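# Fold and contact review
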Amino acid sequence: MEDAALTPASVAGPPDTDDLIACPKCDALYVVHVPKSGERAVCTRCHHVLIAPKAGAVVRVATLSLTVLILLVGAAFFPFLEIRVQGFRNASSVFDAALAFSGPRMVGLSIAVAALIILIPMLRAILTLYVVTPIIADRTPFPGAARCFRLAEELRPWSMAEIFVIGVGVALVKVADLARIEFGPAFWMFGALVVLTVFQDVSMCRWTIWHELDSRARRAGIRLT
Ligand SMILES: [Zn+2]
């Protein structure tokens, strides 16, 4: 992929603030030149990718969000693991696992586990769909689209489905000698989720989505909220 040249704002003179882009890593300020599809705009100081428009990326982000949402519903309620020890058999879903912390002191932990593994990734997928659907349909952004996209980005570090899968992997190595373990459908759904979430984050050019929202709101004469 080719890198498109960016002009530092200090060289270009005082432009309109709408035409500026700041590097989130090193704060360098540039005048926006929208790169062609397949090119990317990279910070000349720290090489952070600022803009990377890809053809069809918004549709891909929407499709992946919808898939993630469907997989999360299945992954929460289908059996995740089945453990057999000396004739005893126990199958449980992720939802059962989250509720396993019983007792008044553990309620907070149950809620936190369910939120970090299932609810926050689900909310991010719903918010992303809410933001990108009007862009795909070439319509005016929905009310609160900017707030929803900001929230979806803020929740990114708190979406821990992949950390859960790694944790389960480590725990399985420890108990593999003690019991017979079988993976349920939810395990494979979580596996697919981890790959899809990474692919979705890589596909999404945040600047493109903000730019699309801004230009559509401006065209419709509304304020982006
Ligand atoms: Zn930078």
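In this text the structure is predicted, and so the values were computed from the model without any measurement.

Before going further, it helps to examine the packing of helix 5 (residues 145–154) against helix 8 (residues 206–220). Running from N to C, helix 5 and helix 8 point in directions that differ by 170 degrees, and their axes come no closer than 11 Å. Taken together, helix 5 and helix 8 sit at an angle that is classed as roughly antiparallel. Here Ala-145, Ala-146, Phe-149, Arg-150 and Glu-153 of helix 5 lie close against helix 8, whose contacting residues are Arg-206, Ile-209, Trp-210 and Leu-213. Its residues placed into classes, the contact of helix 5 with helix 8 shows six nonpolar, no polar and three charged.

When pLDDT is averaged across the protein chain, the result is 86; 96% of the residues are at 70 or more. Least confident of the elements in the protein chain is helix 1 (residues 9–12), whose mean pLDDT is 67; most confident is helix 5, at 95.

Take the domain arrangement of the protein chain next. According to the domain assignment, the protein chain consists of domain 1 (2–51) and domain 2 (57–220). The centre of domain 1, based on its C-alpha atoms, is set 32 Å off from the matching centre of domain 2.

What follows is about the coordination of the zinc ion. Expected angles at a metal are 109.5 degrees for tetrahedral coordination by four donors and either 90 or 180 degrees for octahedral coordination by six donors. Coordination of the zinc ion by the protein is provided by Cys-23 (SG), Cys-26 (SG), Cys-43 (SG) and Cys-46 (SG), with metal-donor distances spanning 2.3 Å. Angles of 103 to 115 degrees at the metal separate the four donor atoms of the zinc ion, which places the site in the tetrahedral class. Each donor residue of the zinc ion belongs to the same chain, with the gaps between them written as C-x2-C-x16-C-x2-C. We classify Cys-43 as buried; its relative accessible area is 0%.

Counting 42 residues, the largest nonpolar core has Phe-80, Ile-118, Phe-190 and Ile-209 as its most contacted members. Secondary structure elements with two or more residues in this core: helix 2 (57–77), strand 7 (79–85), helix 4 (107–136), helix 5, helix 6 (161–175), helix 7 (185–203) and helix 8. Excluding anything up to four places from it in sequence, Ile-118 contacts Leu-72, Ala-76, Val-94, Val-113 and Phe-190.

Next up on the list: helix 6. Relative to the 21 Å expected for 15 residues at 1.5 Å per residue, helix 6 spans 21 Å between its end C-alpha atoms, a close match to the ideal helical length. Every buried residue of helix 6 is accounted for by Ala-161, Phe-164, Val-165, Val-168 and Leu-172. Viewed along the axis of helix 6, the buried residues span an arc of 95 degrees, placing them on a single side of the element. Residues of helix 6 that are exposed and point more than 90 degrees away from the buried face comprise Ile-163, Ile-166, Val-173 and Lys-174. Tucked into the core, helix 6 has its buried residues touching strand 7, helix 3 (94–99), helix 4, strand 9 (180–183) and helix 7.

Quick notes on the rules
- Residues numbered from 1 in each chain as written.
- Predicted model: local features only at pLDDT ≥ 70, side-chain atom pairs only at ≥ 80, totals over all residues.
- Heavy atoms only, no water.
- Axes fitted to C-alpha atoms, helices over the stretch in contact; angles between N-to-C directions.
- Helix = DSSP H or I, 4+ residues; strand = E, 2+ residues; numbered from the N terminus.
- Parallel < 35°, antiparallel > 145°, perpendicular 65-115°, else oblique.
- Contact = heavy atoms within 4.5 Å.
- Nonpolar A, V, L, I, M, F, W, Y, C, P; charged D, E, K, R; others polar.
- pLDDT = per-residue confidence, 0-100.
- Domains from an automatic or database assignment.
- Donors = N, O, S within 2.8 Å, 3.2 Å for Na, K, Ca; no water.
- Tetrahedral: all angles 85-135°; square planar, octahedral: opposite > 155°, others 65-115°.
- Buried < 20%, exposed > 50% of the residue type's maximum accessible area, 1.4 Å probe, protein only.
- Core = buried A, V, L, I, M, F, W, Y, C linked by side-chain atoms within 4.5 Å.
- Expected span 1.5 Å × (residues − 1).
- Arc of directions from axis to C-beta.

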